[in-house]
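Below are the chains, spelled out letter by letter.
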Amino acid sequence: MNRLHVSVSAILTTFALGACSSGPPYAGRSIENEAFDGSNILVTDQELDDVVRFGRPKVERIAGTNQLKVIVPILNTDDEILQVLVDVVFQDNQRQPIGDATARTPRTLSPGQTIWFEAISKQAEAADWQLTVSWNR
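Residues numbered from 1 in each chain as written. Predicted model: local features only at pLDDT ≥ 70, side-chain atom pairs only at ≥ 80, totals over all residues. Heavy atoms only, no water.

J.: Looking at this structure, I do not really get the pairing of strand 6 (residues 82–91). What am I missing?
T.: A large share of strand 6 lies buried, amounting to eight of its 10 residues. Here strand 6 pairs with strand 8 (residues 105–109) via five bridges, running antiparallel. Paired with V84 across the bridge in strand 8 is R107. Summarising the sheet, strand 6 and strand 10 (residues 128–135) pair through eight bridges and their orientation is antiparallel. (Buried < 20%, exposed > 50% of the residue type's maximum accessible area, 1.4 Å probe, protein only. Helix = DSSP H or I, 4+ residues; strand = E, 2+ residues; numbered from the N terminus. Pairing = 2+ DSSP bridges.)

J.: Even after reading the chapter, I still don't get the nonpolar core, so can you show me in this structure?
T.: One broad rule of soluble globular proteins: the nonpolar side chains tend to lie buried together. With 24 residues, the main nonpolar core has F54, I74, W129 and L131 as its most contacted residues. For this core, the secondary structure elements donating two or more residues are strand 2 (41–43), strand 3 (52–54), strand 5 (68–76), strand 6, strand 9 (114–120) and strand 10. The element contributing the most residues to this core is strand 6, with five residues. (Core = buried A, V, L, I, M, F, W, Y, C linked by side-chain atoms within 4.5 Å.)

So yeah, pure geometry; function would need other evidence.
Written out as structure tokens, the structure is:
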């Protein structure tokens, strides 16, 4: 009876863990496992998540205007050209959008190519940011 109970428990645990697996959007994964918090970067599709990686974001204030400037390296790890859309939504201290966002910008990444996507807030109140990468289809 204990053996049956253990087997049923193992099966239920497997199903529960499978149900908890994350779906889209996916947190951006780093280039070469660099230590950075990828929570500011989202990828909208699992297939795209498999072929893009992100370098450590550079975030700074622009002197004089106090605007937030974000630069994120994006790497194509695939052997095909990628057509993506990239946008940034600037947020307040509670990570709520403040109505300051970039347009969805098309970018082409050749195999193995890294681009540096740069975005600057329009408002000095921007305290945080969220970059999203999706397919340009």
